[in-house]
Amino acid sequence: QVQLVESGGGLVQAGGSLRLSCVASGSGIERNVWAWYRQFPGNGRELLADIVRSGRTEYYIDSVKGRFTISRDNAKNAVYLQMDSLKPEDTAVYYCRSYYSLRGSLQSNYWGQGIQVTVSS
């Protein structure tokens, strides 16, 4: 079974930076899309960004454009999220995801455990 383990969260002051990592064990996900989501208290998970096998980013949501950068290392089975110029409203639990769909059918779907990011003002 594939497992995704996240690290790098914590407490940071507004304007600071954090780098989240998500590393997968197992195999068979080389073709997968990687993505980062976040969840605010009392709400569902919000997609922030995704990245395909080649390293091309599909999109960023407007609220993080110019501040967050997604990247992947296929040799390490890992995805990263560099977060700069952090704001208090970025405070949330962050999740990584690895998935693959074919002709509209989801073939694999894995989630990280979630990691807290807290930005103080």
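Here's a quick rundown of the structure. Worth saying up front: this structure is predicted, and the values here are computed from it rather than measured.

**Focus: the state of the cysteines**
In step 1: As enumerated under the stated definition, the model contains one disulfide in all.
In step 2: A sulfur-sulfur separation of 1.9 Å characterises the disulfide bridge that pairs C22 with C96. On the sign convention where negative is left-handed, the bridge of C22 and C96, at about 55° about the S-S bond, is right-handed. Placement of C22 in strand β3 (residues 18-25) and of C96 in strand β9 (residues 92-102) is noted, with a sequence separation of 74 residues between them. Just as C22 is buried, C96 falls in that class too.

**With respect to unusual backbone geometry**
In step 1: Backbone geometry places S85, a non-glycine residue, at a positive phi of 50°.
In step 2: By the element assignment, S85 lies in the loop between β8 (78-83) and β9.
In step 3: Look at S85 and you get partly exposed, because its relative accessible area is 40%.
In step 4: One non-glycine residue, R103, adopts positive backbone phi at about 50°.
In step 5: Within the secondary structure layout, R103 lies in the loop between β9 and β10 (105-111).
In step 6: Assessed through its relative accessible area of 85%, R103 is described here as exposed.

**With respect to the nonpolar core**
In step 1: Residues W36, L81, M83 and Y94 are the most contacted members of the largest nonpolar core, which totals 28 residues.
In step 2: Elements with a minimum of two residues in this core: β3, β4 (33-39), β5 (45-51), β7 (68-73), β8, β9 and β11 (115-120).
In step 3: The biggest single contributor to this core is β3, with four residues.
In step 4: Once residues within four sequence positions are removed from consideration, Y94 is found in contact with E6, L20, Y37, R38, L48, F68, L81, M83, G114, I115 and V117.
In step 5: Judged by nonpolar contacts, the second largest core, of six residues, contains V33, A35, L47 and Y95.

Definitions and limits used
Residues numbered from 1 in each chain as written. Predicted model: local features only at pLDDT ≥ 70, side-chain atom pairs only at ≥ 80, totals over all residues. Heavy atoms only, no water. Disulfide = S-S within 2.5 Å. Helix = DSSP H or I, 4+ residues; strand = E, 2+ residues; numbered from the N terminus. Buried < 20%, exposed > 50% of the residue type's maximum accessible area, 1.4 Å probe, protein only. Core = buried A, V, L, I, M, F, W, Y, C linked by side-chain atoms within 4.5 Å. Contact = heavy atoms within 4.5 Å.

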